[in-house]
Amino acid sequence: MRNTLATRSLFELSKPGRRAAIFPKSDVPSRPLDELLPANQLATDLPTLPELAEPDVVRHFVNLSTLNMSVDTHFYPLGSCTMKYNPKRHERLCSLPGIVDLHPYQSENDIQGMLQILFELQESLAEISGLPAVSLQPAAGAQGELAALLVAAAYFRERGENRTKVIFPSSAHGTNPASAALAGFDCVQLKGTSSGLVDLDDLQAHLDDQTAVFMITNPNTLGLFEQDIAKISDMLHDAGGLVYVDGANMNAILGKTRPGDFGGDMMHYNVHKTFTGPHGAGGPGAGPIAVRDFLADYLPGPIVSRENDGAGEANYRLTTPAKSIGRVRSFFGNIGILLRGYCYLRTLGADGLREVSEDAVLNANYLKVLLKDVLPTPHGERCMHEFVASAQTLHKEHGISAMDIAKRLLDYGYHAPTVYFPLVVPEAMMIEPTETESKETLDAFVETLHKIANEDAAFLHDAPHSTAISRPDEVQAARKPVLRMTVET
Amino acid sequence: MLETVGVENVDDLFHQIPDALRLDRPLDLPPAMTEIELESHMHSLAAKNVGPGSRVCLLGGGAYDHFIPAVVDEITSRGEFYTAYTPYQAEASQGSLQAFFEFQSLICELTGMDVSNASLYEGGTAVSEAAFMAMRVTRRHGKIVVLGSLHPEYRSILDTYLTHLDCEVVVVETPQGTADLAAVEAALDDKTAALIVQQPNFFGSLEQAVELTELARKHGALSIVSCDPISLGLIKRPGDYGADIVVAEGQSLGIPLQYGGPFLGILACREAYMRKMPGRLIGRTTDRQGNPCYVLNLQAREQHIRREKATSNICTNQGLMALRATVYLTLLGKQGLREVAESSCRMAHYAAEQLTAIDGIELLFDRPFFKEFAIRYTGDINELIGKACDAGFDIGPTMSQFNLPGCDDSSQALLIAVTEKRTRTEIDQLAKALGG
């Protein structure tokens, strides 16, 4: 239940003169500030930050937190986002002072432990992808896409090839075309097919000497493995192009197959998805990229390399590849998330990692089968780690939409699946249970969905009924945007 | 479960993957570890780093050792914040949505701007996003003018992001440590989309930000100011002198150094440019019962709706870091921010006095500075760093590790950053060690 007092806005809670953080009095000679700084640089007014006592700050934010659903509190089958359990052991280990308090400009000799971790992570990501060269720089998957596309552009530029097109299937994540446009490419979208897989004829028709990169998510956003991927890769390579694998769905194939083995030339990982960085209500992520040898020289740096000091001791150094595209962010990367990925890989090892994908795929197929009468999946007899069900029949026959179901699920204590994506499925519900959910949770979820399908449509249109708020008026929000509170309100 | 699915074993579920593409061996990864083993492993690796137990941090260059109140960690480690994702389902995400709305509000107060987004990756990409935004606003795509005193890594990112465009990045060199107004004016023209100024700049010095903003305006370019949020407790807010877009590295606002990330990209602007902004925006509206509530707003700018026409490719942002900054700024309040800024500034000036009293050490630039300054050493700079380390202090980074055009004088120079955590005793010890 909402604590309405504590969750009022910070400015309403503010009382002049209240303090939480107190700082030591300065013990250096106290000179007038305008002797230190030019008077015309000094602020005349202080920013109007709210003034609260520490207990009030804590109560405000703790009460706000209770208005969220999260993996720690609820089943969260948000397709494409891999909302698996985040092991708590990572938190203590990644908060060791010798790790969390390192400054990015400490000398390499003083951070050998950190560089060793990052080097080993590079090696592991190379092995899991089958692509030997890794840069840990990108801050998230979308930035990994951009970085890799700039790598491709630099590669073609050096070869004197003017390739301007990036091609992707209609089911691609929105970041694929957005990254391609940002990297200066023209975007070409393929037609959707009834099988949900890439249409080879359509692809062939678009391939020419202008084709730079084909971006593919495999398994794709319908949760289907692109079985023709080897052929697709050959087609691209024959046309002189490169294959980019969007690694958002790596949770399905760990230790089973590798992007490098099915023809991918470049890929990104979403460490926060596959390797359990906490999602933090929107981030941070980490989006390392892995590429083939012939692209390694173009990677964004710095990258960690290992040397031997002669006495048999490893010595870790930061290096920048010879023809690097340059930096894509400041400092090394989103270390906090990369370290959690490292801890996860060290916990699981090769067998554990393979079991992750096996259990994720089993859980998804189990749900898919048990839901087929109420929420059938139009594409594919079996799925990989997720599937896209359709509420089209329920919608046509009973007026119950995917949105209604999503909202009603919240009442029953389940986070909603991803809805209305990918666009190729009408009334889409993209369900990704992940491997960390038990059979009991999945059974209860199935039972709930059956129950909802038999509820009154009008009642469902008004769902959710038990959350902190009912459906928000998004039209009003967009028409007259209110994007900040002001001190007066 | 296998029976329900209708397969005999788990491997049958992977028949979609053609045999020829299946990995026929185990991955070659280090063996699995139990929690006890992992704990011991990570402790041994952490022990190979020189941490805060043995060195006092006076390192700067865009990442600073400010104090983080315990409440920040306590709040942000709440599982409900920590393990939620992008608040697409507003009804089940009001906690994060309201917190991000508060973040936007606090950033607006802090910078003096009208609108803030809900975060970008870090301070460097925020500069590039602002440059793209300025091109959209001005419809000028030919030129971006930056000062040589912009963080060299931020400039490098800008070069990376703009390589493929016919957009020239003109660097106005700053051999005196801050920009020469006439040189800046000479670089601006009617093709220029933006002038990018860092305040305080990479050397810690204060630019003539007011005059620079006026120059940009005069030529129809947007003024982009990259600032240190802590400095705004003491020096003028960019909004007060007419900046169009304010960006910042938000690490100083309660985010641990953790070897460079995750940090927090801040971007705020004038209301007129709201619909050209990159990244997520949280808006307030009402629900069906008329209760105030919060939603993701103006999503038509974003990649999941607009695809190749989106204002940015950003999807996952730095939500948890924005939450840290929100809690931090709330804990500090109006007075607390002032005290942190003033204390850092005073201690930095004390440090500069003590250090430049040493034979062979002088300020690289004779310019006003906030909490960070560059010194030049007449001897071997690495020897100076060594002396500091031996006495338990980290100073730097050295200027020579960066590409700093027009800054030929910097081979024996380094930065020193001082925060409110430092004490007079520490500074005196450092001065004694370097002078000895």
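Reading the values: the criteria
- Residues numbered from 1 in each chain as written.
- Chains lettered and ligands numbered in written order.
- Predicted model: local features only at pLDDT ≥ 70, side-chain atom pairs only at ≥ 80, totals over all residues.
- Helix = DSSP H or I, 4+ residues; strand = E, 2+ residues; numbered from the N terminus.
- Buried ≥ 20, exposed ≤ 12 C-beta atoms within 10 Å, placed from the backbone.
- Rg over C-alpha atoms; globule rule 2.2 N^0.38 Å.
- Contact = placed C-beta atoms within 7 Å.
- Pairing = 2+ DSSP bridges.
- pLDDT = per-residue confidence, 0-100.
- Domains from an automatic or database assignment.
- Nonpolar A, V, L, I, M, F, W, Y, C, P; charged D, E, K, R; others polar.
- Core = buried A, V, L, I, M, F, W, Y, C linked by C-beta atoms within 7 Å.
- Right-handed = clockwise from strand over helix to strand, strands pointing away.

### Section: the overall build of chain B
Then, in step 1: For chain B, the count of helices and strands is 13 helices and 14 strands.
Then, in step 2: Taken along its principal axes, the extent of the C-alpha atoms in chain B is 80 × 55 × 50 Å.
Then, in step 3: Each of the 436 residues in chain B was classed as buried or not, and the buried ones make up 63%.

### Examining the overall build of chain A
Then, in step 1: On a plain count of helices and strands, chain A comes out with 17 helices and twelve strands.
Then, in step 2: Here the C-alpha radius of gyration of chain A, 26 Å, is about what a compact globule of 489 residues would show, namely 23 Å.
Then, in step 3: Looking at chain A residue by residue over its 489 residues, the buried ones come to 58%.
Then, in step 4: Counted over contacts in chain A with a minimum sequence separation of 6, partners at least 24 positions apart contribute 73%.

### A short note on the sheet that holds strand S6 (residues 222-227) of chain B
Then, in step 1: Reading across the sheet, the seven strands line up as S2-S8-S7-S6-S5-S3-S4 (chain B) and stay open at both edges, with mixed pairing between neighbours. Bordering the open sheet on either side are strand S2 (115-116) and strand S4 (168-172) of chain B, each of which pairs with just one other strand.

### A few points about the confidence of the model for chain B
Interpreting fine coordinate detail is not advised for predicted regions of low pLDDT.
Then, in step 1: Across chain B, the average pLDDT comes to 96, with 100% of residues at or above 70.
Then, in step 2: Our summary of model confidence lists the complex with pTM equal to 0.98 and ipTM equal to 0.97.

### As for the domain arrangement of chain A
All names here are of chain A.
Then, in step 1: Assigned domains of chain A: these are domain 1 (10-58), domain 2 (91-347) and domain 3 (357-475).
Then, in step 2: Each of domain 2 and domain 3 was reduced to a C-alpha centroid, and the two centroids are 31 Å apart.
Then, in step 3: Facing 18 residues of domain 2, the contacting portion of domain 3 comprises 15 residues.
Then, in step 4: Taken together, the residues of the side of domain 2 that touches domain 3 sort by class into seven nonpolar, ten polar and one charged.

### Re the sheet that holds strand S11 (residues 418-419) of chain A
Residues and elements named next belong to chain A.
Then, in step 1: Pairing is antiparallel across the open sheet formed by three strands, whose spatial order is S10-S12-S11. Lying at the two open borders of the sheet, with one neighbouring strand each, are strand S10 (387-390) and S11.
Then, in step 2: Strand direction decides the pairing type here: S11 and strand S12 (residues 428-431), joined by two bridges, are antiparallel. Looking at S12, one finds that Thr418 is bridged to Met430.

### Notes on the interface of chain B and chain A
Then, in step 1: With 157 residues of chain B at the interface, the matching set in chain A holds 158 residues.
Then, in step 2: Considering every element that reaches the side of chain B that touches chain A, the biggest residue donor is helix H11 (residues 319-356) of chain B, with 22 residues.
Then, in step 3: A class-by-class count of the residues in the side of chain B that touches chain A yields 75 nonpolar, 53 polar and 29 charged.

### Thoughts on the nonpolar core
Then, in step 1: Within the largest apolar cluster, 312 residues are counted, with the highest numbers of intra-cluster contacts made by Val151(A) and Leu195(B).
Then, in step 2: The greatest single-element share of this core, amounting to 20 residues, is contributed by H11(B).
Then, in step 3: Contacts of Val151(A), omitting those with residues within four sequence positions, involve Met266(A), Val291(A), Leu295(A), Tyr298(A), Leu299(A) and Ile325(A).

### Details of the pairing of strand S5 (residues 242-247) of chain A
Residues and elements named next belong to chain A.
Then, in step 1: In terms of burial, S5 is a largely internal element, six of the six residues being buried.
Then, in step 2: The pairing of strand S4 (residues 211-217) with S5 spans five bridges and is classified as parallel. Within the sheet, the bridge partner assigned to Thr217 lies in S5 and is Asp246.
Then, in step 3: For the handedness criterion, the β-α-β arrangement of S4, helix H10 (residues 229-238) and S5 is classed as right-handed.
Then, in step 4: Sheet topology note: the S5/strand S6 (residues 266-269) ladder contains four bridges and is parallel. Each residue of the ladder has a partner; that of Val245, found in S6, is Met267.

### Here we look at the environment of Leu121(A)
Residue and element names in this part refer to chain A.
Then, in step 1: Tracing the sequence through the fold places Leu121 in helix H6 (residues 112-129).
Then, in step 2: Residue Leu121 is classed as buried on the basis of its C-beta count, with 23 C-beta atoms lying within 10 Å.
Then, in step 3: The spatial distance from the C-alpha of Leu121 to the C-alpha of Leu345 is 8.5 Å, given a sequence separation of 224 residues.
Then, in step 4: Leaving out residues up to four positions away in the same chain, Leu121 has contacts with Leu136, Leu338, Gly341 and Tyr342.

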